[in-house]
Amino acid sequence: LSFEECIDIDVEKLKTAGVVQDDTFWEVDDEERDRRWLTYWNSQDEKYWTDEEELCNGEVGRGLYVLQLYRWFKEYEYNGNDSDVAYDAEQILVMKSEKLLPDKTTQKVDINPITHFIGIEDMDIVAKGGEKI
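What comes next concerns the included structure. Since this is a predicted model, take the numbers as computed values, not measurements.

Another aspect to go through is the pattern of salt bridges. Under the criterion given, the structure shown has four salt bridges. Where Asp30 meets Arg33, a salt bridge forms, and the shortest distance between an N and an O atom there is 2.7 Å. Here the residue Asp30 and the residue Arg33 both occupy positions in helix H2 (residues 30-42), the gap between them amounting to three residues, near one helical turn. Using a relative accessible area of 34% as the deciding quantity, one classes Asp30 as partly exposed. Given the relative accessible area of 7%, Arg33 is considered buried.

Printed below as a string of structure tokens:
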């Protein structure tokens, strides 16, 4: 398959599951929204391969971050009666992965937003050879 064919397959899976077929996804209740997303996600068991023998699997759906974050935030807002741990959505840090790329001149990686978030001392991180952290 070509990359374009992989995209077409994934969009069709999203449509079939009811995730992107119309504007009703955000109008349904949480249970129906979860059902639609899980139907799509479980459809990833069917594997397709590109002409370059790379796995073709969820390129579009994995990029729908809002749907994945919605589920995480919903889970963290849930305080189950069986748990003595109270979760808080403020315990989730969302940031762009590009923020972890090294500075082009100093090769330093600014992880201070992470250290501040988890409440530890700031750190100086330097990448070797411009590699990602």
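We are not done yet, so read on.
Before going further, it helps to spend a moment on the packing of H2 against helix H3 (residues 65-77). For the pair H2 and H3, interaxial distance at closest approach is 12 Å and the crossing angle is 130°. Judged by the angle between their axes, H2 and H3 are oblique. In this structure, H2 meets H3 at a crossing whose hand is left-handed. Residues Asp30, Arg33, Asp34, Trp37 and Leu38 of H2 form the contact with H3, whose participating residues are Leu67, Gln68, Tyr70, Arg71 and Lys74. Within the contact of H2 with H3, the residues separate by chemical class into four nonpolar, one polar and five charged.

Rules and cut-offs
Residues numbered from 1 in each chain as written. Predicted model: local features only at pLDDT ≥ 70, side-chain atom pairs only at ≥ 80, totals over all residues. Heavy atoms only, no water. Salt bridge = Lys/Arg side-chain N within 4 Å of Asp/Glu carboxyl O. Helix = DSSP H or I, 4+ residues; strand = E, 2+ residues; numbered from the N terminus. Buried < 20%, exposed > 50% of the residue type's maximum accessible area, 1.4 Å probe, protein only. Axes fitted to C-alpha atoms, helices over the stretch in contact; angles between N-to-C directions. Parallel < 35°, antiparallel > 145°, perpendicular 65-115°, else oblique. Left-handed = near helix turned anticlockwise from the far one by under 90°. Contact = heavy atoms within 4.5 Å. Nonpolar A, V, L, I, M, F, W, Y, C, P; charged D, E, K, R; others polar.

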